[in-house]
Amino acid sequence: MSPGKSLLATGASEREEILADLLAHGRFLSGLSSVGVAPPSAGAERVGASGEAAVGPVGRSGEDAAVALAAIREDLGDCRRCKLASGRKKIVFGQGNPNAELMFVGEAPGSEEDEQGLAFVGRAGQLLTDIIEKGMKMRRADVWIGNVLKCRPPQNRNPEPDEILSCQPFLEAQIRAIRPRVLVGLGKFAAQWLLRTAEPISRLRGRIGERDGIPVMPTYHPAYLLRNPAGKKDVWEDMKAVLRLLGRPVPGPD
Ligand code: SF4
């Protein structure tokens, strides 16, 4: 695959081959944690410079999840593990409640996020806040919000496979640390990463899948909704399903 060519811009067979590599790598990393270091339910392990799990389990309860996340952040450091490091302003680690029941995963930081070092703080972020607070009647501070990549790709291009391989151990460790009850994949890239599939978002959206035993709801990215407001209706259906999974009240007529 040529540099600058996105995963989703490749042909079908090439894409399958790349995804097979990604999945194999993902299984390898998952294997490290489940065999030797920390079972998913036990919290986070630390991730070494080469992406390997490096430190033993941290119990996932109360402040332990926060401690585990702090250890992951420390391991990330001033990360230079992929080529995105050269163009970023700030690493966007993700933010929210370490004990969140609900975790949103997007694709990568945009320009506003790159400036502030925070996930989903631009226009799309405001829409996500509205979905959470006005729609779901939850507090944004009570959920966790992050991305597959922690640094902004140039001109917001799609993530490339080598970047995902370098960065994914940290998101995997964050998911193990937070251990949310439900994951929401925002947009095709996050949904495909969470579900380990190359299926298009048009087919994935609204169908509950699973990652490491955690239910995953794939839905449209808020940035897509800014361009296509008609998609909000579908997203609201998806968020109602998420609320049901969480055992929370579903606002409005059901
Ligand atoms: S995208 Fe991830 S792996 Fe690449 S430099 Fe940023 S933090 Fe490191």
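The text that follows walks through the structure, step by step, so that each part is easy to find. Since the model is a prediction, treat every value here as computed from it, not as a measurement. (Residues numbered from 1 in each chain as written. Predicted model: local features only at pLDDT ≥ 70, side-chain atom pairs only at ≥ 80, totals over all residues. Heavy atoms only, no water.)

1. Observations regarding helix H5 (residues 161-178)
- In this model, H5 (18 residues) spans 25 Å end to end at C-alpha, consistent with the 26 Å of a helix rising 1.5 Å per residue.
- When the local axis directions of H5 are compared, the greatest deviation, roughly 40°, occurs at Cys167, which is followed within four positions by the proline Pro169.
- Following H5 by one or two positions, Arg179 adopts a phi angle in the positive range, close to 50°. (Helix = DSSP H or I, 4+ residues; strand = E, 2+ residues; numbered from the N terminus. Expected span 1.5 Å × (residues − 1). Bend = angle between axes of the 7 residues up to and from the residue.)

2. A word on the packing of H5 against helix H6 (residues 187-195)
- In contact at an axis separation of 12 Å, H5 and H6 are set at 70° when each is read in the N-to-C sense. The angle between the axes of H5 and H6 places the two elements in the roughly perpendicular class. Across from Ile164, Gln168, Leu171, Glu172 and Ile175 in H5, the residues of H6 making contact are Phe189, Trp193 and Leu194.
- The residue makeup of the contact of H5 with H6, split by class, is six nonpolar, one polar and one charged. (Axes fitted to C-alpha atoms, helices over the stretch in contact; angles between N-to-C directions. Parallel < 35°, antiparallel > 145°, perpendicular 65-115°, else oblique. Contact = heavy atoms within 4.5 Å. Nonpolar A, V, L, I, M, F, W, Y, C, P; charged D, E, K, R; others polar.)

3. Section: the pattern of salt bridges
- For the structure shown, the criterion picks out 19 salt bridges.
- Across the pair Lys83 and Glu160 runs a salt bridge whose closest N-O atoms are separated by 3.0 Å. A residue pair is termed long-range when its members are at least 10 positions apart, and Lys83 in the loop between helix H2 (63-76) and strand E3 (95-96) and Glu160 in the loop between strand E5 (144-147) and H5 qualify at 77 residues.
- Classification of Glu160 by relative accessible area gives buried; the value is 4%.
- Put simply, Glu160 and Arg157 hold a salt bridge, and the shortest N to O gap is 3.6 Å.
- Linked by salt bridges that have partners in common, Lys83, Arg157, Glu160, Asp162 and Glu163 make up one network. (Salt bridge = Lys/Arg side-chain N within 4 Å of Asp/Glu carboxyl O. Buried < 20%, exposed > 50% of the residue type's maximum accessible area, 1.4 Å probe, protein only.)

4. Side note on the nonpolar core
- Ranked by internal contacts, the top residues of the largest apolar core, which has 61 residues, are Leu102, Phe104, Met136 and Val242.
- It is H5 that provides the largest number of residues to this core, a total of eight residues.
- Not counting the four nearest positions on each side in its chain, Leu102 is found in contact with Met136, Met138, Val143, Trp144, Pro180, Val182, Val184, Val242 and Leu246. (Core = buried A, V, L, I, M, F, W, Y, C linked by side-chain atoms within 4.5 Å.)

5. With respect to the packing of aromatic side chains
- Evaluation of the coordinates by the stated rule reveals two aromatic pairs.
- Here Phe93 and Trp144 contribute two aromatic rings whose centre-to-centre distance is 6.2 Å and whose plane-to-plane angle is 90°, an arrangement assigned as edge-to-face. Of the two residues, Phe93 sits in the loop between H2 and E3 while Trp144 sits in strand E5, which places them 51 residues apart along the sequence. Like Phe93, the residue Trp144 is buried in the burial classification.
- Positioned above the aromatic ring of Tyr220, the side-chain terminus of Arg205 is 5.9 Å from the ring centre. (Phe/Tyr/Trp six-rings, centres within 6.5 Å; stacked < 30°, edge-to-face > 60°. Lys NZ or Arg CZ within 6 Å of the ring centre and 35° of its normal.)

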